[in-house]
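Chain by chain, the residues:
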Amino acid sequence: MSKLTLISDALNRVIDNKEISKDEAYQIYEESQQNSFELYKISQILRNKYKGTHVTYSRKVFFNLINLCRDTCSYCTYKSEPDQSKISMMSKRDVQNLAKIGKTHKCTEALFVTGERPEQKYQEARTWLKENGFASTVEYLIHASEIALSEGLFPHTNAGNLTKTEMNELRKTNVSLGLMLENSSIRLSQHGMPHEFAPSKYPKARLRVLKDAGELGIPITTGILIGIGETAFEIIDSIYAIKEIHKKYGHIQEIILQNFQPKSDTMMKNVPSPEEKYFKTLVALARVIMPEMNIQVPPNLSPDTYASFLSVGINDWGGISPLTPDYVNPEFSWPAIDTVAKNSLKAGFELKARLPVYPEFFSFVHPDLKDVVLGKTDSEGFVRMEYQK
Ligand code: SF4
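Conventions adopted
Starting from 1, residues in each chain are numbered consecutively following that chain's sequence as written. Reporting in this predicted model follows two pLDDT cut-offs: at least 70 for local features of residues, and 80 or more for side-chain atom pairs to be given and counted; totals over whole chains, interfaces and linings ignore these cut-offs and use all residues. Working definition: helices are DSSP H or I runs of at least four residues, strands are E runs of at least two. Numbering for both runs from the N terminus. Values of the radius of gyration come from C-alpha atoms, whereas the globule rule sets the reference at 2.2 Å times the count of residues to the power 0.38. For the exposure call, what matters is how many other C-beta atoms sit within 10 Å of a residue's own: 20 or more marks it buried, 12 or fewer exposed, and in between partly exposed, using C-beta atoms placed from the backbone. Here, residues touch in the contact sense if the C-beta positions derived from the backbone fall within 7 Å of one another. Here, nearness means that the C-beta atom of a residue, built from backbone geometry, sits within 6 Å of the molecule or strand in question. Three classes are used, and their members are as follows: Ala, Val, Leu, Ile, Met, Phe, Trp, Tyr, Cys and Pro are nonpolar, Asp, Glu, Lys and Arg are charged, and the others, Gly among them, are polar. Here, a strand pair is defined by DSSP locating no fewer than two bridges between the strands. Note on terminology: a nonpolar core is any set of buried Ala, Val, Leu, Ile, Met, Phe, Trp, Tyr and Cys residues joined through C-beta atoms within 7 Å. Expected helix span is computed as 1.5 Å times (number of residues minus one). Axes here refer to lines fitted to C-alpha atoms; in helices the fit is confined to the stretch in contact. Angles between the N-to-C directions go from 0 to 180 degrees. Crossings are classed by handedness, with left-handed meaning an anticlockwise turn of the near helix from the far one by less than a right angle and right-handed meaning a clockwise turn.

Quick look at the overall build of the chain now. Looking only at helices and strands, the chain has twelve helices and nine strands in total. Radius of gyration (C-alpha) of the chain: 20 Å, near the 21 Å computed for a compact globule of 389 residues. With respect to the principal axes defined by its C-alpha atoms, the chain has extents near 70 × 50 × 40 Å. Put simply, the chain has 389 residues, and 48% of those count as buried. Of all intrachain contacts in the chain linking residues separated by at least 6 positions in sequence, the fraction that spans at least 24 positions is 75%.

Structure, rendered in structure tokens:
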């Protein structure tokens, strides 16, 4: 068989519910450099087979709880220093007020984001926590999540590497958690690489947390940052690392494929964002490697072309806020939800609002939250119309 036939054969096997090996995925990537038609076509067939004709999003409020961080990633502009004007340290009242405003904007998700254990590095963080009555950021996150939940929002926390005990507490209020793997390659943590000064991004540490969440049965969103100095094969390896954990625990609810965007105030300011062809090929491959997975591309990071990702296998736009900025990529504002709906429809897909937990993971949600989740959702698990308008 020729190389081309082998690849076509491998891709067609996926349609028959068979898996492709990592080596086959490498070959498909290489072949698609010349001709990506077959890969894109199969990714679309798989997407339609497993995800139907809708595309989802979560209407969210972004709570930038505290953006001091113990670590330093060389692409990050989210992290603040105590003397910078972008510093955010939200009081309990700030959390409550923003949750109330979110509710009036029909948001359903409270996305809580913090830097990695800021109190380990900054006195300012320790003082702020003490003033609010807490000894650690996680203790405060637990309380802030309770506030958001009592105001009618569903918390989803993304606070870096958490311990099992911490995740077990957070699950009482959080319908799901988030932790970007970024990449499974240790090379990206070596000298001169983006995670050199971010021990929390060491793949072993991140994969441990993803496994711990699996042992606890907590639905978790993870993802890969594309364009930070990795090779395509390292992205493929990362997808397989996620797949392996998901195979064992079945708790990975979504993979975000996020295209890197350089920020002028970072060490990686001169590194270009990944080429769209490279990004799309990897998105399509993710669908082929994990045909049933929920795959998200953030629409604000590809403002002119996001709808075209619907033809390479994605089925979700992630959290979109009608209210708060994307504090991780503040220069990229969210598209209006109506516009996303129109563009999705033009591409043949109906936009549906979901909660920060996907319908197929409702059974994972803490028993105390199940009635609230079911009360807000319709028979398919999407947000009921009366909570959207
Ligand atoms: S990306 Fe996260 S861990 Fe890295 S510096 Fe920024 S806030 Fe800290």
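Read on for the rest.
Another point: unusual backbone geometry. At Asn17, a residue that is not glycine, the phi angle is positive and equals roughly 65°. The topology assignment puts Asn17 in the loop between α1 (3-15) and α2 (22-32). The phi dihedral of Arg117 is positive, around 35°, even though this residue is not glycine. Tracing the chain through its elements places Arg117 in the loop between β2 (109-114) and α5 (123-132). Since 21 C-beta atoms lie within 10 Å of it, Arg117 is described here as buried.

What follows deals with the environment of Pro219. Note that Pro219 resides in the loop between α8 (203-216) and β5 (220-226). A residue is classified by how many C-beta atoms lie within 10 Å of it, and Pro219, with 27 of them, is buried. Taking the C-alpha atoms as reference points, Pro219 and Glu292, 73 residues apart in sequence, are found 15 Å from one another. Excluding its chain neighbours within four sequence positions, the residues that come into contact with Pro219 are Ser176, His251, Gln253, Val357, Phe361 and Phe364.

What follows is about the site of the ligand. Around the ligand, the surrounding shell consists of Cys69, Asp71, Thr72, Cys73, Cys76, Tyr78, Lys79, Gly115, Glu116, Gly160, Ala198 and Ser200. Within the shell around the ligand, the residues separate by chemical class into five nonpolar, four polar and three charged.

Next up on the list: the pairing of strand β8 (residues 316-320). Among the five residues in β8, five count as buried, and that is most of the element. Judged from the three bridges that link them, strand β1 (residues 54-66) and β8 form a sheet pairing that is parallel. Within β8, the position partnered with Ser58 by the bridge is Gly319.

A few words now on the nonpolar core. In terms of nonpolar packing, the biggest core is built from 103 residues, with Phe63, Leu257, Val283, Leu285 and Ala286 touching the most fellow members. Tallying contributions element by element places helix α10 (residues 276-289) first for this core, with eight residues. Dropping the residues within four chain positions of it, Phe63 is found in contact with Met90, Val95, Leu98, Ala110, Leu111, Phe112, Val113 and Ala144.

Here helix α9 (residues 232-249) spans 26 Å end to end across 18 residues, near enough to the 26 Å set by a 1.5 Å rise per residue. Listed in full, the buried residues belonging to α9 are Ile235, Ile236, Ser238, Ile239, Ala241, Ile242, Ile245 and His246. Residues of α9 that are buried sit in contact with α2, α8, β5, β6 (252-259) and α10. Looking at the residues trailing α9, positive phi occurs at Gly250, about 65°.

As a further point, take the environment of Lys172. Turning to its location among the elements, Lys172 is positioned in the loop between α7 (164-170) and β4 (176-178). Considered as a pair, Lys172 and Ser145 are 27 residues apart in the sequence and their alpha carbons are 9.2 Å apart.

Time to look at the packing of α2 against α10. Their axes nearest at 11 Å, the elements α2 and α10 cross at an angle of 150°. The element α2 and its partner α10 pack so that their crossing is right-handed. Each of Ala25, Ile28, Tyr29 and Ser32 in α2 lies in contact with α10, whose residues at this interface are Thr281, Leu285 and Ile289. The residue makeup of the contact of α2 with α10, split by class, is five nonpolar, two polar and no charged.

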